[in-house]
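Analysis of the macromolecular model
Here is how the chains run, residue by residue.
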Amino acid sequence: MTGHNARLVSESQQSQFAHNLQAFPRKGQAAEGDNNPARALEEYKELTIVNEDGTINWTQFEKAAHYLQDVSRKNGEPNFEDLKMHLLDNEDDTGQK
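Quick notes on the rules
- Residues numbered from 1 in each chain as written.
- Predicted model: local features only at pLDDT ≥ 70, side-chain atom pairs only at ≥ 80, totals over all residues.
- Heavy atoms only, no water.
- Helix = DSSP H or I, 4+ residues; strand = E, 2+ residues; numbered from the N terminus.
- Buried < 20%, exposed > 50% of the residue type's maximum accessible area, 1.4 Å probe, protein only.
- Areas by Shrake-Rupley, 256 points an atom, 1.4 Å probe, with all protein chains shown as cover.
- Salt bridge = Lys/Arg side-chain N within 4 Å of Asp/Glu carboxyl O.
- Arc of directions from axis to C-beta.
- Contact = heavy atoms within 4.5 Å.
- Polar contact = N/O pair within 3.5 Å; in protein donor to acceptor, adjacent residues only side chain to side chain.
- pLDDT = per-residue confidence, 0-100.

What follows concerns the overall build of the protein chain. Across its full length, the protein chain holds four helices and zero strands. Mapped from its N terminus to its C terminus, the protein chain presents α and β elements in the order α-α-α-α. Counting the 97 residues in the protein chain, one finds 20% classified as buried. Per element, the accessible surface of the protein chain, about 7,000 Å² overall, is 50% carbon and sulfur.

What follows concerns the pattern of salt bridges. For the structure on display, the rule yields five salt bridges. Close ionic contact of Glu46 with Lys84 constitutes a salt bridge, the shortest N to O distance being 2.6 Å. Remark: Lys84 occurs in helix α4 (residues 80–88) and Glu46 occurs in helix α2 (residues 37–46); sequence separation between them is 38 residues. For Lys84, a relative accessible area of 21% translates into the label partly exposed. Several salt bridges converge on common partners, so that one network encompasses Asp70, Arg73 and Lys74.

Those residues of α4 that sit buried are Phe80, Leu83 and Leu87. For α4, the angular spread of buried residues about the axis comes to 70°, placing them on one side. Where α4 is buried, its residues meet α2 and α3 (58–73). N-cap assignment for α4: the residue whose side-chain oxygen lies 3.2 Å from the backbone N of Glu81 is Asn79.

On to the side chain of Gln60. Among the structural elements, Gln60 can be located in helix α3. With relative accessibility at 10%, the residue Gln60 sits in the buried group. In this structure the side chain of Gln60 is engaged in a polar contact, spanning 2.7 Å, whose partner is the backbone oxygen of Leu87.

Another point: the confidence of the model for the protein chain. Of the residues in the protein chain, 62% have a pLDDT of 70 or more, and the chain-wide mean is 75. Within the protein chain, the element-level pLDDT minimum falls on helix α1 (residues 11–21), averaging 68, and the maximum on α4, averaging 90. Taken as a whole, residues 93–97 scores under 50 in pLDDT and shows five contacts with residues more than four places along the chain or in a different chain.

Structure follows, in structure tokens:
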């Protein structure tokens with residue numbers, strides 16, 4: 001929840017989150033080294049992390065962070081479709097719709 005309580009996200013945390021988000025291209029591992037910023041932006045829009053106007057949807061960004069933490073805690077492998085389902089789920093963290 002760093003950033004929501006007036007603490008700044010450290011450079012290390014920024015780098016780690018950026019690295020983790022690279023795990024989510026629709027092409028999976030096949031996208032490694034395939035630098036296509038336009039496709040990445042469209043995929044982040046599809047995930048609802050980026051709004052249609054190009055701004056960050058901070059609520060969805062936070063949900064993506066929770067997903068990353070949960071997958072990491074379970075030693076799982078993050079992927080695009082699982083993240084998309086997580087982000088498009090209308091329930092909040094308390095289970096309320």
